[in-house]
Amino acid sequence: MKISVKGSLRDLFGFIRLRSSRGKRFAAAPSKPVDPGPVNELAAQLHPKRQNLLISEIHDETKSTRTFRLVPDPESDTRQLAYFRAGQYLSLKADIDRVRIARPYSISSAPREALGADGFYDITIRKIDDGFFTSHVWDNWNVGTKIVASGPCGRFYHEPIRDGNKIVGLAGGSGVTPFCSMAREIIYGDMNAELLLLYGSSDKDDIVFYEQLGELEAKSAGRIKVVHVLSCDEAPLPDCEQGFITADLIRKYADVDESTFFICGPQAMYDFVRQELAAFGLPPRRIRNEVYGEARDVSNAPGFPRTAVNKSFELTVRIGGLTMVIPALAAETVLVAMERAGLAPPSECRSGTCGVCHTLLVSGDVFVYPDGDGTRAADRQFGFIHPCSSYPLSDLEVAVPRSGL
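Note on numbering: residues in each chain are counted from 1, in written sequence order. Selection of residues for local features in this predicted model requires a pLDDT of at least 70, selection of side-chain atom pairs for listing and counting requires 80 or more, and totals for whole chains, interfaces and linings are taken over all residues. The side-chain quantities take in all heavy atoms of the structure and omit both hydrogens and water.

A. Representation of unusual backbone geometry in the model. Unusually for a residue other than glycine, Asp-239 sits at a positive phi of about 65°. Every helix listed is a DSSP run of H or I at least four residues long, and every strand listed is a run of E at least two residues long, numbered separately from the N terminus. Residue placement: Asp-239 occurs in the loop between β9 (224-230) and β10 (241-242). In this structure, Ala-344 is a non-glycine residue whose phi angle is positive, near 50°. Mapped onto the fold, Ala-344 is located in the loop between α8 (334-340) and β15 (359-363).

B. The arrangement of the sheet that holds strand β7 (residues 166-172) in detail. Pairing between strands requires that DSSP locate at least two bridges from one strand to the other. Strand order across the open sheet formed by six strands is β10-β9-β8-β7-β11-β12, with parallel pairing between neighbours. Strands at the two margins of the open sheet, each flanked by one partner only, are β10 and β12 (287-289). Examined bridge by bridge, strand β11 (residues 260-264) and β12 share three bridges and lie parallel to one another. What sits directly across from Phe-261, in β12, is Ile-287. Should any heavy atoms of two residues lie within 4.5 Å, those residues are considered in contact. The axes are straight lines fitted to the C-alpha atoms, using for helices just the contacting stretch, and the angles between their N-to-C directions are given from 0 to 180°. In the packing of helix α4 (residues 177-188) onto the sheet, the strands contacted are β7, β8 (194-201), β9 and β11, and the crossing angle to β11 comes to about 135°. Sheet strands in contact with helix α7 (residues 267-277) are β7, β11 and β12, and its direction is about 160° off that of β11.

C. Representation of the side chain of Asp-206. If you trace the backbone, Asp-206 turns up in the loop between β8 and α5 (210-219). Note on exposure labels: buried denotes an accessible area under 20% of the residue type's maximum, exposed denotes more than 50%, and partly exposed covers the range between, all computed with a 1.4 Å probe on protein chains only. Owing to a relative accessible area of 16%, Asp-206 belongs among the buried residues under this scheme. At a separation of 3.1 Å, a polar atom in the side chain of Asp-206 contacts the side chain of Arg-126. Polar contact is the term for a pair of N or O atoms within 3.5 Å; when the atoms are in protein, one must be able to donate a hydrogen and the other to accept it, and sequence-neighboring residues count only if both atoms are side-chain atoms. Here the side chain of Asp-206 touches Ser-202 through a polar contact of 3.3 Å, side chain to side chain. Ignoring sequence-local partners within four residues, the contact set of Asp-206 consists of Thr-62, Arg-126, Tyr-199 and Ser-201.

D. Spatial organisation of the nonpolar core. Core analysis: the biggest nonpolar cluster contains 48 residues, and Leu-170, Phe-179, Ile-250 and Leu-277 have the highest contact counts within it. Within the residue set of this core, elements represented by two or more residues are β7, α4, β8, α5, β9, α6 (247-253), β11 and α7. In this structure, Ile-101, Ile-123, Phe-133 and Ile-147 belong to the second largest nonpolar core, which totals 25 residues. Definition used in this section: a nonpolar core is a set of buried Ala, Val, Leu, Ile, Met, Phe, Trp, Tyr and Cys residues joined via side-chain atoms within 4.5 Å.

What follows is the structure in C-alpha cells.
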C-alpha cells in the first residue's frame, strides 16, 4: 500500500472524503448477504462444531482398552476430517437411554493421518468397571457404528513459541494416548522436539501401545525414549523401573532445567506427580496438564464442606424454553444431574476448562473443584458457572444454553 502525507489539515479532509465515498459504496451494495469468504470457509474446516464419523476398525490394546478408528461418515456432510495438533481431544457424543451424553478422548493417531480422502482418527478408550459411558461403548460400538464428534479441542500440545524442544511426558494408564500422537508426529518429522516418556502402569499386561511405542522409539534416532514404570511387585520387563514416577526417577532420566513437562493420566497420578514436580520449583508455564474429567470422589477435595456429604438438593433448570425441577446430589456435578434428567445440556471437556457448558447460576451455592475452575473474572462477577466442575451445596436455579450438537 502506498501512503503519502500531505499535511495535517489536508489529511483530515481526506478522511471526510473517505467517509462520503464509503457511504456511496454501502448504498450501492446488494442487500442480500454475501457468501462466506475463503477465510471463513477455512475456519469452518479447521474448527467444525460437529463431525459425523463412522467406526471403520476396532483393535483390542489390552484386556480393558480398545482403539476405535474413526473416518468420515460417507452418508453425511462430513467430507474430510478436521486437522488437529498432537495432544488434542475429541468430544464424542452418544445417545444413551435417549439422552445425549458427551465424553472427551485424546486422539492417539498423528495429525497428518487425518488428512486426505483416507484420513482417520484413532481414539483409544479404557473401560471403567462402573463407567456409564464406557459400558455403553463396549456394548454398542461396532464397525459401522456412526459417531458424532466435536472438532479437535484442547491446549495440551507442544507449542514451539512457548515450549522448549525437550518434552517430558508423564503418563499413566490410557493417559499415554496424546503422547502416542506426539511420538508419531516426531517420526513423521512434523514436530521438532525430543520426547522422554515416563509411562506408569500397574503391570506389563496393563501397558497400552507397548509394541507401538517400542517401534517408534527404535525409528526415532534418539529423539524418543520410553521408560516403563511398573508398580507391581515384580518387574518382568528389561530396563523398566519399579515403583512410581518420583522426583528421583524424573531427575535420573530428564534434563529438568531445559524441559517442559506434560502430564496425562488418572487423577491419583496427577496428585502424586505434581507433588514430586514441586521439588524442582518449576514455573507453572513449564508444566502442562491434560483435562481429566470429573472428580471421582469430590468429598475428598480440599475445601469441600463435610456437612454436604450424602446430601441431595432441588435443581431448577431453565433450558430451551423448558423449566424443570430435578434432584441433584452434592457428590455429582450439576452437569451430571441434568444429564440424568434427560436434559442434554452442552458439554465438551467435562473438566471446567473449555467453557462450552457456561451457565448462569440464578440462585444457590456451588462448590467448584479446585483444578476445574476455568471461569473468567467476568463470569464470576456476573454469576456464571461451568456445570461440569460445579457441585451443588444448596437448592439451585440455573439458566442453561441449548446445545448446538
